[in-house]
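# A structural walkthrough
These are the residues of each chain, in order.
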Protein chains: 2
Amino acid sequence: MSGRLTVVGLGPGSAGQLTPDASVALEAADVVFGYGPYLERVPNRVGQRRQRSDNREEIDRANRALAEAAEGAHVAVVSGGDPGVFAMAAAICEAIECGPGEWRELDVAIVPGITSMLAVAARVGAPLGHDFCALSLSDNLKPWSVVEQRLKAAASAGFAIGLYNPVSRSRPWQLDRAFELLRTHLPSSTPVVFGRAVGRADERVRVADLATASGSDADMSTCIIVGSAETRLIERPNRAALVYTPRSARAAST
Amino acid sequence: MSGRLTVVGLGPGSAGQLTPDASVALEAADVVFGYGPYLERVPNRVGQRRQRSDNREEIDRANRALAEAAEGAHVAVVSGGDPGVFAMAAAICEAIECGPGEWRELDVAIVPGITSMLAVAARVGAPLGHDFCALSLSDNLKPWSVVEQRLKAAASAGFAIGLYNPVSRSRPWQLDRAFELLRTHLPSSTPVVFGRAVGRADERVRVADLATASGSDADMSTCIIVGSAETRLIERPNRAALVYTPRSARAAST
């Protein structure tokens, strides 16, 4: 079987954050599958086809991409950020697991990218400078009770928290509920970073505290970092404060 | 104050994973500070100075880099992987917090990179395809009791776990103790990925299960991913199995 499928991470948004490996993989593809706004970031190449789909159609996109690779094409599937973080790499694996046996013979590769949590952190300092976790707030694929259980476990144990998929048209209340729950486990002064479209022209980064953090400050393009109890600000004259989590941690008081 | 300090993520090791933004930042520096093996990855530029130090001297390196920036130099400080993940960005913040007030006036920027956990994940499939955490096993900067508490919290709540700094000459037993503890919270079949020097010439990736995972499979250049209870293998004829964590999670049974 001569087909090949590469899942390519585009990074957070700017061309300066697209790795050379990702550029090479995109250049080599006969056809590129992806969510429309991600495909728009892929440099045009004569003769290369594009297959765009909605961002909720991940498994369908994975199945179509694998079918085309099985016919012999060199297929790229793109994800914003890193494809291994709440994105297409797991969808491709899932489709292979459930699909025809011949898909297991395909050459499948994954090209990592900078995931948005890391790009947001870099904008403000080092809020993920010690132990941290990444958590999707979407309850489309897991019960909300699991989200709450994980938020509680992460905050109580002292992890800084990167929140992905914080809000969507069909999930308007989840982020405020998450802040509410986190307020019962963390100091109200805990820094909360809202990073929207980092690396793109419409980037907006804002630092709040947990007491006043509001779901209305986020949209579908926002990644949020909630600090641990150790995370703090360094105020600077004429510059934005740095947000950072020290490399050392004390024994928990609880 | 005309000095500038940029903390630059070099990614896991190959030139193909160094972002264009990182290349530009390195090119612009008058002087580059870093741990020797990382400096060796920085392309040589005529007239650019190098300041190498041991990997345990992070705060000292940060202080010297900030002092030189405060004198007007364009300084780059390099980290392997992402500088915001158990690396130099937090050390620079710490040094600014404790240092002379004029350091707060410096132009400080951070250029993110691909952190090793994401590079290791990409090699085997999508083990971080759902909620996950990153945890440093070093008890130089936090009590071992905190490490154990966080391992337990993460495994019980269903996070896949990326383990950084798993072992060193002065910390020989911690990784085996971590596996032992995780065995009491996760199925013995849970996949464990050992990714050593990913992206470099001496790369070695091995997948074990939690029952047989051993600290002797890791060294200082290894990043380890322990799956959640949902993480599984997809066996493939004539190819390495894929390791992945499905995008959906069931309600926990506990």
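A brief look at the structure comes next. Please read these numbers as outputs of a predicted model, since none were measured by experiment.

## What to know about the sheet that holds strand β3 (residues 49–53) of chain A
Residue and element names in this part refer to chain A. What the five strands build is an open sheet, ordered β3-β2-β4-β1-β5; its pairing is parallel. The open sheet terminates on both sides in strands that have one partner only, identified here as β3 and β5 (107–111). With direction set aside, neighbouring strand axes in the sheet form an average angle of 20 degrees. The sheet contacts of helix α3 (residues 58–70) involve β1 (4–9), β2 (31–35), β3 and β4 (74–79), and relative to β2 the element is tilted by about 175 degrees.

## A short note on the interface of chain A and chain B
Between chain A and chain B, the residue contacts involve 75 residues of the former and 75 residues of the latter. When the area that chain A buries against chain B is broken down by residue, the three leading residues are Arg104, Arg150 and Arg247 of chain A, summing to 12%. Linking chain A to chain B there are ten salt bridges. Sort the elements by how many residues they give to the side of chain A that touches chain B and helix α4 (residues 88–98) of chain A lands first, with seven residues. Residues of the side of chain A that touches chain B, tallied by class, amount to 42 nonpolar, 16 polar and 17 charged.

## Re the relation of the copies chain A and chain B
At an RMSD of 0.0 Å, chain A and chain B line up after a rotation of 180 degrees and a shift of 0.0 Å along the axis. Interpreted geometrically, this transformation is the action of a two-fold axis. Every residue of chain A has its C-alpha some distance from the rotation axis, and the shortest such distance is that of Cys133 of chain A, at 1.9 Å. A share of 100% of interface residues in chain A that are also interface residues in chain B marks the association as one of identical surfaces.

## As for the packing of aromatic side chains
Residue and element names in this part refer to chain B. If you walk through the whole model with that rule in mind, you get ten aromatic pairs over all chains. Seen from their ring centres, Phe86 and Tyr164 are 5.1 Å apart, and the 50 degrees between their planes marks the pair as tilted. Here the residue Phe86 occupies a position in the loop between β4 (74–79) and α4 (88–98), and Tyr164 occupies one in strand β8 (residues 160–164), the gap between them amounting to 78 residues. This pair shows no difference in class: Phe86 is buried, exactly as Tyr164 is.

## Looking at the packing of helix α6 (residues 144–157) of chain A against helix α6 (residues 144–157) of chain B
Where α6 of chain A contacts α6 of chain B, the axes come no closer than 9 Å and their chain directions differ by 175 degrees. Considering the angle they form, α6 of chain A stands roughly antiparallel to α6 of chain B. Contacts from Arg150, Ala153 and Ala157 of chain A in α6 of chain A reach Arg150, Ala153 and Ala157 of chain B in α6 of chain B. Considered class by class, the residues forming the contact of α6 of chain A with α6 of chain B number four nonpolar, no polar and two charged.

## What to know about helix α3 (residues 58–70) of chain B
Residues spaced three or four apart along an α-helix point in a common direction, a consequence of the helix completing one turn every 3.6 residues. Residue and element names in this part refer to chain B. Over its 13 residues, α3 runs 18 Å from end to end, which matches the ideal 18 Å to within 8%, given 1.5 Å per residue. Buried within α3 are the following residues: Glu58, Arg61, Ala62, Ala65, Leu66, Glu68, Ala69 and Ala70. In the core, the buried residues of α3 are packed alongside β1 (4–9), β2 (31–35), β3 (49–53), β4 and α4. One or two steps after α3, the chain reaches Gly72, where phi turns positive at roughly 110 degrees.

## What about the side chain of Ser136 of chain B?
All names here are of chain B. By the element assignment, Ser136 lies in strand β7 (residues 132–136). With relative accessibility at 3%, the residue Ser136 sits in the buried group. In terms of polar contacts, Ser136 uses its side chain to reach the backbone amide nitrogen of Ser138, at 3.2 Å. At a separation of 3.0 Å, a polar atom in the side chain of Ser136 contacts the side chain of Asn165.

## Comments concerning the environment of Pro20 of chain B
Residue placement: Pro20 of chain B occurs in helix α1 (residues 20–27). Take Pro20 of chain B: its relative accessible area is 33%, and that puts it in the partly exposed class. Residues Pro20 of chain B and Arg250 of chain B, spaced 230 residues apart in sequence, show a C-alpha to C-alpha distance of 40 Å. Every residue in contact with Pro20 of chain B, bar those within four places of it in the chain, is listed here: Ala15, Gly16 and Leu18 of chain A.

## Section: the sheet that holds strand β12 (residues 232–236) of chain A
Spatial strand order, β6-β13-β12 (chain A): three strands in an open sheet with mixed pairing. Both edges of this open sheet fall to β6 (125–126) and β12 of chain A, since each of them pairs with a single strand only. One ladder, built from two bridges, connects β6 of chain A with strand β13 (residues 239–244) of chain A; its direction is parallel. Looking across to β13 of chain A, one finds that Ala126 of chain A is bridged to Tyr244 of chain A. Of the strands in this sheet, β6, β12 and β13 of chain A are in contact with α4 of chain B, which crosses β13 of chain A at around 120 degrees.

Rules used in this analysis
- Residues numbered from 1 in each chain as written.
- Chains lettered and ligands numbered in written order.
- Predicted model: local features only at pLDDT ≥ 70, side-chain atom pairs only at ≥ 80, totals over all residues.
- Heavy atoms only, no water.
- Pairing = 2+ DSSP bridges.
- Helix = DSSP H or I, 4+ residues; strand = E, 2+ residues; numbered from the N terminus.
- Axes fitted to C-alpha atoms, helices over the stretch in contact; angles between N-to-C directions.
- Contact = heavy atoms within 4.5 Å.
- Buried area = accessible area lost by both parts, 1.4 Å probe.
- Salt bridge = Lys/Arg side-chain N within 4 Å of Asp/Glu carboxyl O.
- Nonpolar A, V, L, I, M, F, W, Y, C, P; charged D, E, K, R; others polar.
- Least-squares fit on C-alpha atoms with pLDDT ≥ 70 in both.
- Phe/Tyr/Trp six-rings, centres within 6.5 Å; stacked < 30°, edge-to-face > 60°.
- Buried < 20%, exposed > 50% of the residue type's maximum accessible area, 1.4 Å probe, protein only.
- Parallel < 35°, antiparallel > 145°, perpendicular 65-115°, else oblique.
- Expected span 1.5 Å × (residues − 1).
- Polar contact = N/O pair within 3.5 Å; in protein donor to acceptor, adjacent residues only side chain to side chain.

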